[in-house]
Amino acid sequence: MCGIVGWVNLKKDIKPYYNIVEDMRDTLVFRGPDSYGIKVYDNAILGHRRLAIVDPTGGLQPMDKYLGDRKYTIVYNGELYNTEVVRRDLLDKGYTFNSYSDTEVLLTSYIEYGQDCVNKIDGIYAFAIWDDYKKELFLVRDPLGVKPLFYSFKGDSLIFGSEIKALLK
């Protein structure tokens, strides 16, 4: 189990409010006691709490990956059942990996396939990917809704988290 949180506002710089997302993230400490992280952009802040099961050092989040000068960041809660199948497909397309985690495979799949990545993966998940070049968030939950994901719009902001209490923070 892990926990994800985030805040996106495309109309103003929210960097000064990163401590709010830290507080949101820390409401999920029992979902991820092993590590935690936060990534701050002008218009997006992503937070993560991790229960380390696979690749404790290689799967730290938020995780960044670059394609040229474009930067993508993921926070992810879940498990991919077909990680190695997707990894082999992406290796065949010329991608490289720095870890054994399914998080990096999922993020790379998004970089290659865009939103269609959800048609390539099989598993249970809730994740958010921030494309800082396009200023775009891709927020997804598995089709059966096994992994929790709550969100709300407040003014010009989208806030999300693995639990409602994170949003209320």
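Keep in mind the model is a prediction, meaning the values are calculated, not measured. (Residues numbered from 1 in each chain as written. Predicted model: local features only at pLDDT ≥ 70, side-chain atom pairs only at ≥ 80, totals over all residues. Heavy atoms only, no water.)

(A) A look at the overall build of the chain. Summing up its helical and strand segments, the chain has four helices and nine strands in all. Listed N to C, the secondary structure of the chain is β-α-β-β-β-β-α-α-β-β-β-β-α in terms of helices and strands. For a compact globule of 169 residues, the expected C-alpha radius of gyration is about 15 Å, and the chain comes in at 15 Å, within 12% of that figure. Along the first, second and third principal axes, the C-alpha set of the chain runs to 45 × 35 × 30 Å. Across the chain, every contact between residues at least 6 apart in sequence was considered, and the portion connecting residues at least 24 apart equals 55%. For the chain, the exposed surface amounts to about 8400 Å²; the carbon and sulfur share of it is 51%. Looking at charge distribution, the chain has the averaged site of its 22 positive side-chain charges lying 4 Å from that of its 24 negative ones. (Helix = DSSP H or I, 4+ residues; strand = E, 2+ residues; numbered from the N terminus. Rg over C-alpha atoms; globule rule 2.2 N^0.38 Å. Contact = heavy atoms within 4.5 Å. Areas by Shrake-Rupley, 256 points an atom, 1.4 Å probe, with all protein chains shown as cover. Lys, Arg positive; Asp, Glu negative; His and termini not counted. Charge placed at Lys NZ, Arg CZ, Asp CG, Glu CD.)

(B) Fine view of the packing of aromatic side chains. Going through the model one piece at a time under the given rule, you end up with seven aromatic pairs. Taken together, a centroid distance of 6.0 Å and an interplanar angle of 65° make the contact between Phe127 and Phe138 edge-to-face. Remark: Phe138 occurs in strand β7 (residues 136-141) and Phe127 occurs in strand β6 (residues 123-131); sequence separation between them is 11 residues. Summarising the burial analysis for this pair, Phe127 and Phe138 share the class buried. (Phe/Tyr/Trp six-rings, centres within 6.5 Å; stacked < 30°, edge-to-face > 60°. Buried < 20%, exposed > 50% of the residue type's maximum accessible area, 1.4 Å probe, protein only.)

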